[in-house]
Amino acid sequence: MADEPGLRERSLEVMAKLFREGVKGDQMPGRRLAPEFFDLASSFCFGGFWSRPQLDIKSRSLATVSQLAALGRTDELKLHLQGAMNVGWTREELLEVLMQTSQYAGIPAAVQALNSAADVFGEDSAG
């Protein structure tokens, strides 16, 4: 699927909406180590799935945030929390989703997710 015409272009379009200026190397150090892997993975993920018409980018973003929180994938969660705000989710809405994580993935998963949110939202994450 990575060779499909337009896949890379669609992935870049989705990522521009989600991440605006892109993901910096210091946020994903593995990108510097294996850039080809990240190009292939992002083409498949964002060009193949995120660009499907059945869900809009905002809805996919919230689904991704909740899945990453439940799985404890905090590095990616931080990136996707910022992306979720870029596509229109508020800090309060995202915090509510992260708190709900405790009921389905456990309190430790929610605590990790909320710690990641505090990093993204800044020290004054209460307001």
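Okay, so let's go over this structure.

## Some thoughts on the pattern of salt bridges
On inspection of all chains with the given rule, the structure shows 4 salt bridges. Note that Lys 17 is salt-bridged to Glu 13, the shortest N-O span being 3.9 Å. Of the two residues, Lys 17 and Glu 13 both sit in helix H1 (residues 7-19), 4 residues apart, roughly one turn of that helix. For the salt bridge of Lys 78 with Asp 119, the shortest nitrogen-to-oxygen distance reads 2.9 Å. Placement of the pair is Lys 78 in helix H5 (residues 74-86) and Asp 119 in helix H7 (residues 107-121), with a sequence separation of 41 residues.

## Quick word on the environment of Ala 110
Inspection of the secondary structure puts Ala 110 in helix H7. By relative accessible area, Ala 110 is classed as buried at 5%. Here the alpha-carbon distance between Ala 110 and Gly 72, two residues 38 residues apart in the chain, equals 8.4 Å. Not counting the four nearest positions on each side in its chain, Ala 110 is found in contact with Leu 98, Thr 101 and Ser 102.

Cut-off values and rules
Residues numbered from 1 in each chain as written. Predicted model: local features only at pLDDT ≥ 70, side-chain atom pairs only at ≥ 80, totals over all residues. Heavy atoms only, no water. Salt bridge = Lys/Arg side-chain N within 4 Å of Asp/Glu carboxyl O. Helix = DSSP H or I, 4+ residues; strand = E, 2+ residues; numbered from the N terminus. Buried < 20%, exposed > 50% of the residue type's maximum accessible area, 1.4 Å probe, protein only. Contact = heavy atoms within 4.5 Å.

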